[in-house]
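A look at the structure
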Amino acid sequence: MSSIENMISLVRDHYSTDKFIPLHEPRFRGNEKKYLEETIDSTFVSSVGVFVDRFELMMQDITGASKAVAVVNGSASLQVALRLAGVKQNDEVITQALTFIATANAISYNGAIPVFLDVDLDTMGLSPKYLGEFLEEFGELREDGCYNKSTGRRIAACMPMHTFGFPVHLDELSALCNKWHIPLVEDAAESLGSLYKGKHTGTIGLIGGFSFNGNKVVTSGGGGAIITNSNELGTQAKYLTTTAKRPHAFEFFHDDLGYNFRMPNLNAALACAQLESLNDFLIDKRKLAEKYAVFFETEGIKFRQEIPDTKANYWLMCVELNDKKEREEFLTTTNAHGIMTRPIWNLMYRLPMYAHCQRDAQKNAEYLEERIVNIPSSAR
Ligand SMILES: *Cc1c(COP(=O)(O)O)cnc(C)c1O
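What counts, and where the lines are drawn
- Residues numbered from 1 in each chain as written.
- Predicted model: local features only at pLDDT ≥ 70, side-chain atom pairs only at ≥ 80, totals over all residues.
- Heavy atoms only, no water.
- Salt bridge = Lys/Arg side-chain N within 4 Å of Asp/Glu carboxyl O.
- Helix = DSSP H or I, 4+ residues; strand = E, 2+ residues; numbered from the N terminus.
- Buried < 20%, exposed > 50% of the residue type's maximum accessible area, 1.4 Å probe, protein only.
- Patch = residues over 30% accessible without salt bridge, like charges linked within 9 Å, V, L, I, M, F, W, Y side chains within 5 Å.
- Areas by Shrake-Rupley, 256 points an atom, 1.4 Å probe, with all protein chains shown as cover.
- Near = heavy atom within 4 Å.
- Polar contact = N/O pair within 3.5 Å; in protein donor to acceptor, adjacent residues only side chain to side chain.
- 1 Å grid on protein atoms, 1.4 Å probe; cavity = no way out; pocket = protein on both sides within 12 Å on 5 of 7 lines; lining within 4 Å.
- Sits in = over half its atoms within 2 Å of the grid points.
- Nonpolar A, V, L, I, M, F, W, Y, C, P; charged D, E, K, R; others polar.
- Axes fitted to C-alpha atoms, helices over the stretch in contact; angles between N-to-C directions.
- Left-handed = near helix turned anticlockwise from the far one by under 90°.
- Contact = heavy atoms within 4.5 Å.

Some words on the pattern of salt bridges
In total, this model carries 19 salt bridges according to the counting rule given. With a closest N to O distance of 2.9 Å, arginine 154 and aspartate 91 form a salt bridge. Placement of the pair is arginine 154 in strand E6 (residues 154-159) and aspartate 91 in the loop between helix H4 (74-84) and strand E2 (92-96), with a sequence separation of 63 residues. By relative accessible area, aspartate 91 is classed as buried at 7%. Sharing partners across several salt bridges, the network here consists of Lys302, Arg304 and Glu320.

Put into structure tokens, the structure is as follows:
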């Protein structure tokens, strides 16, 4: 297929290199080295320091959330977000099967059980249509929340994920969650910089979690953040992720089962410098997205773009091939030419830990699973 070869030239030309081109690599062209050096000189490399505080303020500023808490990684942010939403042992949490493993694992770490509902074709994220249908069929409102009639378990939260930075239909999901008294927690790990109706993703639900892993839009090496508009939950988030220790000059008294999920100041230093570049990265990624859009349109290949009412960060860009065979050819040819491309995740219920979980028909998830391929998406 010559369109694959044309795409290879486009990518090589965009990044001006003959070397291997990864899917997403970090760029360090701002104050990264300066802040890291400052941190080392200060000796405050570990769990407290000025950059941790600065990072939290920057995240509040960027997202508009009233509280942001720095944590050790995105997985931990989701684990704690769910706990703060009230998820307990043997509860259920509704999410999508088309996601990265961390979404489902965060549910399991709380002793809860995921229920996998289908995604929308336009967002690739949890579908309000299928959430509504599921709750009509299985939901039962009781005094302490919504129960799943088929399992007898409480549905303690609903956690959609903004796939590759494309926001889900948050208003519709939010309305359903309100109606059924289910807290909405956003897995916004991939969507830093993505907006829904002008609001930052992660701020529409009760709590949101972000990741600053090396492959995300901006990185702290490893890191995460919990954001919320509830000052009470924000304070709780800080408390639980810093070992639930009562403030005291020298006494060690902990009154809850907390975690050591603190983001080291060394990582926060990197994160602060990276957040200063966030806008530039987003602008550059959007330029590439526009280039891809024009190119794939002429080649007759579907390039996934943001939908009305949303602004995507274009974290990982992707094409939708016509079938599995075309996908294999695309993957094989590009990777053989040193252009990294990768299929979307295996659906969660294909994995042994989650094979037994309740799920609906998954028509859209299975359709996308066979067709979606990520293509190089780094800022230059
Ligand atoms: C990256 C990611 C996470 C977890 O982030 P880590 O920082 O790697 O722990 C969670 N959910 C999704 C959807 C992600 O892509």
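Let's pick the thread back up.
A short note on a nonpolar patch on the surface
Nonpolar side chains collect at one region of the surface, where Ile40, Val45 and Leu266 lie side by side and expose about 230 Å² of accessible area between them. With respect to the helices and strands, the residue valine 45 is situated in the loop between helix H2 (32-42) and helix H3 (50-63). The class of valine 45 is partly exposed, set by a relative accessible area of 35%.

Thoughts on the site of the ligand
Taken together, 16 residues lie near the ligand, and Gly74, Ser75, Glu190, Ser211 and Lys216 sit nearest. Here serine 211 contributes a side-chain N or O atom positioned 2.7 Å from an oxygen atom of the ligand. Lysine 216 is positioned such that a nitrogen or oxygen atom in its side chain is 3.2 Å from an oxygen atom of the ligand. Coverage of the ligand by the protein amounts to 92% of the 380 Å² it exposes when considered alone. Here the ligand occupies the largest pocket. Top element by residues in the shell around the ligand is H4. It accounts for three residues. Broken down by class, the residue content of the shell around the ligand amounts to five nonpolar, eight polar and three charged.

Here's the deal with the packing of H3 against helix H9 (residues 265-299)
Where H3 contacts H9, the two axes come as close as 8 Å, and the packing angle between them is 35°. Crossing of H3 against H9: the hand is left-handed. Contact with H3, carried on its side by Val50, Phe51, Val52, Arg54, Phe55, Met58, Met59 and Ile62, involves Asn265, Ala268, Ala269, Ala271, Cys272, Leu275, Glu276 and Leu278 of H9 and no other residues of that element. Here the contact of H3 with H9 is built from residues that sort into 13 nonpolar, one polar and two charged.

These results come straight from atomic positions and should not be treated as a statement about function.
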